Amino acid sequence: MPEVLKAPLVVEFPFTRSLGPVQSAFLTGLRERVVLGVRTGDGRVLVPPMEYDPVTAEDLRDLVEVAPTGTVTTWAWNPAPRRGQPLATPFAWALVRLDGADTALLHALDAPGPDAVRTGMRVRVRWAAERTGAITDIACFEPYAGPDLDGREGPAAVTSEPRPHDGQFADPVTGIVAEARLDYVYSPGRAQSAHIHALADRRTVGERCPECHKVYVPPRGACPTCGVATTEQVEVGPRGTVTTYCIVNIKAKNLDIEVPYVYAHIALDGAGLALHGRIGGIPYDQVRMGLRVEPVWTDDARFPDHYRPTGEPDADYDTFKELL
Amino acid sequence: MTRDIAVVAFAQTDHRRTSDELSEVEMLMPVLHEVLERTGLRTADIGFTCSGSCDYLAGRAFSFTLALDGVGAWPPISESHVEMDGAWALYEAWTKLLTGDADTALVYSYGKSSPGRVRDVLTRQLDPYYLAPLWPDSVSLAALQAQALIDAGEADEPALAAVAARSRADADANPHAQLRGARPQGDYVVRPLRTGDCPPVGDGAAAVILAAGDRARALCERPAWIRGIDHRIEPHGLGVRDLTDAPSARLAAEHAGAYERPVDTAELHAPFSSQEIVLRKALRLGDDVRVNPSGGALAAHPLMAAGLLRIGEAAARIHRGESDRALAHATSGPCLQQNLVAVLEGDPR
Ligand SMILES: [Zn+2]
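Because the structure is a prediction, the values reported are computed rather than measured. (Residues numbered from 1 in each chain as written. Chains lettered and ligands numbered in written order. Predicted model: local features only at pLDDT ≥ 70, side-chain atom pairs only at ≥ 80, totals over all residues. Heavy atoms only, no water.)

Let's shift gears to the overall build of chain B. Summing up its helical and strand segments, chain B has eleven helices and twelve strands in all. Its C-alpha radius of gyration of 19 Å places chain B within 12% of the 20 Å reference for a compact globule of 349 residues. Overall, the C-alpha framework of chain B stretches about 50 × 45 × 40 Å when taken along its three principal axes. For chain B, buried positions account for 66% of its 349 residues. Taking the contacts inside chain B whose residues are at least 6 apart along the sequence as the reference set, 79% of them involve residues at least 24 apart. Accessible area for chain B stands at about 11,800 Å²; split by element, carbon and sulfur atoms hold 51% of it. Chain B carries 34 positive and 47 negative side-chain charges, and their two centres are separated by 2 Å. (Helix = DSSP H or I, 4+ residues; strand = E, 2+ residues; numbered from the N terminus. Rg over C-alpha atoms; globule rule 2.2 N^0.38 Å. Buried < 20%, exposed > 50% of the residue type's maximum accessible area, 1.4 Å probe, protein only. Contact = heavy atoms within 4.5 Å. Areas by Shrake-Rupley, 256 points an atom, 1.4 Å probe, with all protein chains shown as cover. Lys, Arg positive; Asp, Glu negative; His and termini not counted. Charge placed at Lys NZ, Arg CZ, Asp CG, Glu CD.)

What follows is the structure, given as structure tokens:
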């Protein structure tokens with residue numbers, strides 16, 4: 001078996017998301033260093049606030065302001081922060097019930113070590129220096145031993161009442177861009193690895209189905225008709241036939257090809273299905289079904305740059321109609 | 001409408017840390033062939049096919065369509081896919097068979113976590129407004145739940161370690177498991193959870209065949225009849241929930257009829273040791289119930305297949321005559337967010 005091929009693969013997907021009225025007020029509030037919750041029909045205060053009651057599903061719009069101080073309801077010590085997490089040094093994850101709220105908010109808690117953290121400890125919001133209207137406007141929580149809102153010292157139970165808030169701020173945040181990046185090490189599997197290895201020698205290798213004998217190029221490891229592994233490797237081409245094509249009139253970003261050009265399905269000789277490639281070396285309006293073509297390789301290329309006419313007579317329609 | 005529907009065959013891969021040399025369909029195909037072989041059915045005999053998988057695990061877009069090649073899906077078959085654990089694919093197939101549209105169904109699922117960093121990948125399933133921007137990884141969220149359990153006096157670290165040790169000891173008898181046999185609990189990954197409290201990261205696949213009525217009896221000596229199956233979900237806000245309980249699992253169990261008579265076996269999808277303790281309580285499982293004889297998710301945890309594995313393992317015990325009435329559970333999301341419960345029974349012996 002040839003060596004397993006591997007390559008880094010980065011998937012990035014910045015979703016742009018709109019906010020509902022409650023989420024908009026909450027995130028705009030964070031930008032203004034105000035923590036808002038929402039009151040449910042049965043009088044509970046949810047922080048972070050939701051658009052809908054998690055029990056009754058009713059619309060929630062009754063905003064209240066709660067304190068930036070609160071109590072840890074559970075925690076977990078994270079000795080090795082990962083990319084994107086709120087702090088780069090070891091920290092505690094904590095669910096924090098802010099004073100005036102009935103539910104808890106997840107965030108990081110900056111503490112010197114696990115021995116400095118316990119359920120029930122008092123904490124307060126540490127605001128980010130630059131705030132944009134996002135949950136990360138809270139940089140983290142930090143231990144807090146100062147007076148609470150009622151002026152009492154220390155970890156005494158807090159009875160501070162949430163205050164009604166109209167949720168109105170200048171220049172409200174109405175959407176967020178949720179950046180995401182995931183890193184992979186991609187390996188294409190047995191059949192595709194063999195195909196890619198052969199391409200390095202400028203050979204196109206497909207695989208034959210042991211049951212229906214169709215040759216798949218590029219091979220994916222299985223015959224979708226028979227549901228069995230394709231195992232026998234078969235070299236196809238290098239010449240082939242244009243089975244169908246289209247004329248591309250719009251220049252693609254980052255692609256240095258003059259338009260118009262032809263993109264075609266090409267059935268390589270011996271292949272049971274067509275692959276696709278660009279047709280060059282012939283005016284775009286002279287490409288036709290049945291045109292015989294061959295690959296053109298450029299230096300150091302891992303696959304043919306394009307296909308050009310061989311000069312042979314066109315293939316008869318009957319020879320490729322099953323491959324359309 | 002009532003129609004008796006049973007799991008009549010089950011197959012799984014060996015679950016391994018990596019499967020670099022195989023594409024997803026190459027990993028899956030032997031399992032599909034094995035499960036079909038057990039019944040003597042061919043793809044063309046199957047009335048409905050349903051799969052569960054998640055493209056984010058391996059970072060391969062539309063991987064489930066490539067996986068379909070292994071089924072033999074051309075010319076087109078009656079087929080569906082859920083971007084969830086295969087247990088939910090089984091639920092869809094069960095409803096399809098209930099309608100009478102099909103008499104047999106192939107259900108499969110697979111997960112190839114090795115190409116990515118699964119703790120990061122799973123953050124992308126969280127609330128995108130309040131949680132995902134903080135990248136809270138799956139172990140950290142489970143650790144918050146474990147600490148809540150410890151604070152409530154319902155567990156301590158030795159209790160967690162005992163769950164881990166029992167699971168891996170049981171896995172010794174399971175040739176497919178990834179972690180077999182005793183091993184040290186190791187260091188904290190995210191305190192209070194140690195390496196031993198966490199599931200292995202790995203690749204694997206599972207498949208089952210469902211059949212209705214007499215078809216099931218013809219295909220299997222002792223079908224594992226699905227007496228009830230239901231799935232329920234918790235509110236998505238973690239801070240709204242009581243993390244020491246799993247009311248959605250309890251509700252699903254009620255609807256599946258789990259409390260009507262005691263079960264002798266339970267296959268619980270508890271990726272973390274602490275979650276088994278939560279589930280035992282929520283599902284009211286006594287000490288006389290054999291929990292996770294397969295080793296459970298602590299011994300092998302191919303994401304998207306691990307829940308279907310629980311149903312398959314429970315059914316296989318009924319097939320072998322080692323259980324008469326078993327509960328199978330699957331979960332999805334952080335801290336037992338969504339829960340499915342199936343109750344399986346064998347005919348009296
Ligand atoms: Zn074939």
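Moving on from the coordinates now.
Residues and elements named next belong to chain B. Where helix α6 (residues 138-151) contacts helix α10 (residues 273-282), the two axes come as close as 9 Å, and the packing angle between them is 55°. Between α6 and α10, the crossing angle belongs to the class labelled oblique. With respect to the hand of their crossing, α6 and α10 are arranged in left-handed fashion. Where α6 approaches α10, its residues A142, Q145, A146 and L149 are matched on the opposing element by S274, Q275, I277 and V278. (Axes fitted to C-alpha atoms, helices over the stretch in contact; angles between N-to-C directions. Parallel < 35°, antiparallel > 145°, perpendicular 65-115°, else oblique. Left-handed = near helix turned anticlockwise from the far one by under 90°.)

Residues and elements named next belong to chain B. Each assigned domain of chain B is listed here: domain 1 (5-117 + 200-219) and domain 2 (119-199 + 227-345). For domain 1 and domain 2, the distance between their C-alpha centres works out to 22 Å. With 39 residues of domain 1 in contact, the opposing surface of domain 2 contributes 39 residues. A combined buried area of about 3,000 Å² lies between domain 1 and domain 2, and 68% of that area is made up of carbon and sulfur atoms. The interface formed by domain 1 and domain 2 contains zero salt bridges. Our enumeration of links across domain 1 and domain 2 arrives at 15 residue pairs in polar contact (both at pLDDT 80 or more). Of all the secondary-structure elements, those providing two or more residues to the side of domain 1 that touches domain 2 are β1 (5-12), α2 (55-58), α4 (86-98), β4 (104-112) and β7 (203-212). Tallied by class, the residues present in the side of domain 1 that touches domain 2 amount to 22 nonpolar, eleven polar and six charged. (Domains from an automatic or database assignment. Buried area = accessible area lost by both parts, 1.4 Å probe. Salt bridge = Lys/Arg side-chain N within 4 Å of Asp/Glu carboxyl O. Polar contact = N/O pair within 3.5 Å; in protein donor to acceptor, adjacent residues only side chain to side chain. Nonpolar A, V, L, I, M, F, W, Y, C, P; charged D, E, K, R; others polar.)

Let us look at the nonpolar core. Of all hydrophobic cores here, the largest spans 85 residues; its most connected members are A:L109 and B:L283. When residues no more than four places from it in sequence are discounted, the contact partners of B:L283 are B:A249, B:R250, B:A253, B:Y259, B:L268, B:L327 and B:V341. B:V107, B:A326, B:A342 and B:L344 belong to the second-largest nonpolar core, a separate cluster that totals 37 residues. (Core = buried A, V, L, I, M, F, W, Y, C linked by side-chain atoms within 4.5 Å.)

Residue and element names in this part refer to chain A. Spatially, β4-β3-β5-β11 is the arrangement adopted by the four strands of the open sheet, whose pairing is antiparallel. Two strands in the sheet have a free side with no partner beyond their single neighbour: β4 (45-46) and β11 (163-164). Note: strand β3 (residues 35-39) against strand β5 (residues 62-66), five bridges, orientation antiparallel. Directly across from V35, in β5, lies its bridge partner V66. Running over the sheet, helix α1 (residues 21-31) touches β3 and β5 and is turned about 155° from β3. (Pairing = 2+ DSSP bridges.)

Now for a nonpolar patch on the surface. Residue and element names in this part refer to chain A. A cluster of nonpolar side chains, contributed by Y245, I247, Y284, M289, Y317 and L324, occupies part of the molecular surface with about 560 Å² of accessible area. With respect to the helices and strands, M289 occurs in the loop between β21 (275-279) and β22 (292-296). Classification of M289 as partly exposed rests on a relative accessible area of 40%. (Patch = residues over 30% accessible without salt bridge, like charges linked within 9 Å, V, L, I, M, F, W, Y side chains within 5 Å.)

Glancing now at unusual backbone geometry. Residue and element names in this part refer to chain A. In this chain, V47 is followed by P48 through a cis amide linkage whose omega measures 5°. Along the chain, P48 falls in the loop between β4 and β5. Here the amide bond leading from G237 into P238 is cis, since omega sits at 5°, within 30 degrees of zero. Inspection of the secondary structure puts P238 in the loop between β18 (232-236) and β19 (240-248).

Residues and elements named next belong to chain A. The coordination sphere of the zinc ion contains the protein donors C209 (SG), C212 (SG), C223 (SG) and C226 (SG), at a distance range of 2.3 Å. Positions of the donor residues of the zinc ion, expressed as sequence spacing, correspond to C-x2-C-x10-C-x2-C. Taken as a pair, C209 in the loop between β14 (204-208) and β15 (215-216) and C223 in strand β16 (residues 222-223) lie far apart in primary sequence, 14 residues in all. Of the two residues, C209 and C223, neither departs from the other in class, the shared state being buried. (Donors = N, O, S within 2.8 Å, 3.2 Å for Na, K, Ca; no water.)

Glancing now at the environment of A:Q233. Residues and elements named next belong to chain A. Residue placement: Q233 occurs in strand β18. By relative accessible area, which is 46% here, Q233 ends up partly exposed. Taking the C-alpha atoms as reference points, Q233 and V215, separated by 18 residues in sequence, lie 8.8 Å from one another. Setting aside chain neighbours within four positions, we find Q233 in contact with A194, V205, G206 and E207.

All names here are of chain A. Read across the open sheet, the three strands follow the order β15-β14-β18; overall the sheet is antiparallel. The open sheet has two edge strands, β15 and β18, and neither has a second partner. Here β14 pairs with β15 via two bridges, running antiparallel. Note that in β15 the partner of R208 across the bridge is V215.

Moving on, we come to the pattern of salt bridges. Across all of its chains, the model carries 50 salt bridges over all chains by this definition. The salt bridge partner of A:D183 is A:R83, with a shortest N-O separation of 2.8 Å. You can see A:D183 sitting in strand β13 (residues 181-186) and its partner A:R83 sitting in the loop between β6 (69-78) and β7 (91-98), a full 100 residues away along the chain. B:R232 is the salt-bridge partner of B:D230, the closest N and O atoms lying 2.7 Å from each other. Taking the relative accessible area as the measure of exposure, B:D230 reaches 9% and is therefore buried. One network of salt bridges, in which partners are shared, links A:R239, A:D269, A:R292, A:E294, A:R308 and A:E312.

The next thing to look at is the interface of chain A and chain B. Residue-level contacts link 66 residues of chain A with 54 residues of chain B. In total, about 5,000 Å² of surface goes out of reach between chain A and chain B, with carbon and sulfur atoms giving 59% of it. Of all residues in chain A, the largest losses of buried area upon contact with chain B belong to A:R82, A:L106 and A:Y184, amounting jointly to 12% of the total for that side. In this assembly, chain A and chain B are joined by four salt bridges. Applying the counting criterion to the chain A and chain B interface returns 24 residue pairs in polar contact (both at pLDDT 80 or more). Per-class residue counts for the side of chain A that touches chain B are 38 nonpolar, 17 polar and eleven charged.

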